[in-house]
Amino acid sequence: MQEAADALENLRPSLSIPKDERVHRRGAFPAIRCGVSHGGGSTSPGNLRNEKKNADVVDELTGMGCFQRLAGFASSVMACQAPKLFAYYLEHLAALHERHPHLKRLFPSSIFAAASFNFGPQTACFKHKDFANLPFGLCAITALGNFDPKRGGHLVLWDLKLVIEFPAGSTILLPSAIVAHSNIPVGKGETRYSFAQYTAGNIFRWVENDFQLTKSFYASLSPDRLEEEKKKNAERWQFGLSLFETVF
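Here is a short report on the structure shown in this document. (Residues numbered from 1 in each chain as written. Predicted model: local features only at pLDDT ≥ 70, side-chain atom pairs only at ≥ 80, totals over all residues. Heavy atoms only, no water.)

Quick look at the overall build of the protein
Then comes step 1: Regarding its fold elements, the protein presents eight helices and eleven strands.
Then comes step 2: The principal-axis extents of the C-alpha atoms in the protein amount to approximately 65 × 45 × 30 Å.
Then comes step 3: Counting every position in the protein, which comprises 248 residues, the buried fraction comes to 46%.
Then comes step 4: Only carbon and sulfur atoms are counted for the fraction: they give 55% of the accessible area of the protein, which is about 13,100 Å².
Then comes step 5: Of note, the protein has its 28 positive side-chain charges centred 4 Å away from the centre of its 24 negative side-chain charges. (Helix = DSSP H or I, 4+ residues; strand = E, 2+ residues; numbered from the N terminus. Buried < 20%, exposed > 50% of the residue type's maximum accessible area, 1.4 Å probe, protein only. Areas by Shrake-Rupley, 256 points an atom, 1.4 Å probe, with all protein chains shown as cover. Lys, Arg positive; Asp, Glu negative; His and termini not counted. Charge placed at Lys NZ, Arg CZ, Asp CG, Glu CD.)

Observations concerning the packing of helix α4 (residues 83–99) against helix α5 (residues 201–208)
Then comes step 1: Packing of α4 against α5 leaves a shortest axis separation of 10 Å and a crossing angle of 70°. The angle between α4 and α5 falls in the class roughly perpendicular. α4 and α5 meet at a crossing whose hand is left-handed. Counting all contacts with α4, which are made through Tyr-88, Tyr-89, His-92, Ala-95 and Leu-96, the residues of α5 involved are Ile-203, Phe-204, Trp-206, Val-207 and Glu-208.
Then comes step 2: Of the residues belonging to the contact of α4 with α5, the class tally is eight nonpolar, one polar and one charged. (Axes fitted to C-alpha atoms, helices over the stretch in contact; angles between N-to-C directions. Parallel < 35°, antiparallel > 145°, perpendicular 65-115°, else oblique. Left-handed = near helix turned anticlockwise from the far one by under 90°. Contact = heavy atoms within 4.5 Å. Nonpolar A, V, L, I, M, F, W, Y, C, P; charged D, E, K, R; others polar.)

A few points about the environment of Pro-108
Then comes step 1: With respect to the helices and strands, the residue Pro-108 is situated in the loop between α4 and β5 (114–118).
Then comes step 2: By relative accessible area, which is 71% here, Pro-108 ends up exposed.
Then comes step 3: For Pro-108 and Gln-197, which are 89 residues apart along the polypeptide, the C-alpha to C-alpha distance reads 13 Å.

Some words on the sheet that holds strand β10 (residues 181–183)
Then comes step 1: The three strands are arranged β8-β7-β10 in an open sheet whose pairing can be described as antiparallel. Looking at the sheet topology across the chains shown, the edges are occupied by β8 (162–164) and β10. Neighbouring strand axes in the sheet, compared pairwise and without regard to direction, differ in orientation by 20° on average.
Then comes step 2: Of the pairings in the sheet, the one linking strand β7 (residues 155–157) to β10 comprises three bridges and is antiparallel in character. In the sheet register, Leu-157 faces β10, and the bridge partner there is His-181. (Pairing = 2+ DSSP bridges.)

Considerations on the pattern of salt bridges
In a structure, side chains of opposite charge can pair up when their charged atoms sit close to one another.
Then comes step 1: In total, this model carries eight salt bridges according to the counting rule given.
Then comes step 2: Residue Glu-165 pairs with Lys-150 through a salt bridge whose shortest N-O separation is 3.4 Å. Remark: Lys-150 occurs in the loop between β6 (139–146) and β7 and Glu-165 occurs in the loop between β8 and β9 (171–174); sequence separation between them is 15 residues.
Then comes step 3: Classification of Glu-165 by relative accessible area gives partly exposed; the value is 39%. (Salt bridge = Lys/Arg side-chain N within 4 Å of Asp/Glu carboxyl O.)

Comments concerning the packing of aromatic side chains
Then comes step 1: By the definition in use, this model includes eleven aromatic pairs.
Then comes step 2: Consider the rings of Phe-67 and Phe-195, whose centres lie 5.2 Å apart with planes at 70°: the pair is edge-to-face. Linking Phe-67 in helix α3 (residues 65–81) with Phe-195 in strand β11 (residues 191–198), this pair joins segments that are 128 residues apart in sequence.
Then comes step 3: What makes Phe-67 buried here is its relative accessible area of 0%.
Then comes step 4: Using a relative accessible area of 1% as the deciding quantity, one classes Phe-195 as buried.
Then comes step 5: Geometrically, the ring pair formed by Tyr-89 and Phe-204 is edge-to-face, given 4.9 Å between the ring centres and 70° between the ring planes. With Tyr-89 in helix α4 and Phe-204 in helix α5, the pair connects residues that are 115 residues apart, well separated along the chain.
Then comes step 6: The ring of Trp-158 carries Lys-127 above its face, with NZ or CZ at 4.6 Å from the centroid. (Phe/Tyr/Trp six-rings, centres within 6.5 Å; stacked < 30°, edge-to-face > 60°. Lys NZ or Arg CZ within 6 Å of the ring centre and 35° of its normal.)

Some details on the pairing of strand β3 (residues 31–37)
Then comes step 1: Burial of β3 is extensive: five of the seven residues sit out of reach of the surface.
Then comes step 2: The sheet contact formed by β3 and β5 spans five bridges and is antiparallel. Across the sheet, residue Arg-33 finds its bridge partner in β5, namely Ser-116.
Then comes step 3: Inspection of the sheet shows β3 paired to strand β4 (residues 46–47) by two bridges, in the antiparallel sense. Among the inter-strand pairings, Val-36 is bridged to a residue of β4, identified as Asn-47.

See below:
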């Protein structure tokens, strides 16, 4: 955990991010997204692109053992706590990379398609939802840095009315697309960074649409098959819930 935090701190001066892009809808801090995504008008999944300096930073961070272990740990948590959802992610990610071998997989041990490195040095996310992610999916968030978790850095889950102590080294898997979340700032002189992993909902749709956009996919269907797809879509929320374990 300390190695990961030190890496983000040491590489932050190497970033090439304009000042006006350091304030965004998730917070006021420099961040780099990397991996595979689909959305925003794209016609197919693609590798997230970064300016040369930032791409070099991504390559260094994703090549480090500490981040590889964090990435694998988050996936193993999903495999343990929500094995059916884990299998759903695994199946779709495997199909995606088999069909599109040019897409770069960030971490061999992770079943998430993309990641964000949040460089702080006092990362405090605004209240937000990651609406482009799979609604019944999970994203993994790991807090890093050096701060007093009793006094700051708490995770706030607004819809659940929860404020959770979230020390450096903590990892949580949460349905970030449907639960508004943020975190409380840390104290003066303290540091907080974060590492998040997620998969865009459009990637799952792309795979299930036989690797094509929805409009093209629907146009290729027979009337009977189209009705089947409409019924499937109407019941998708029930399918999503069925992927979670029941805890008594």
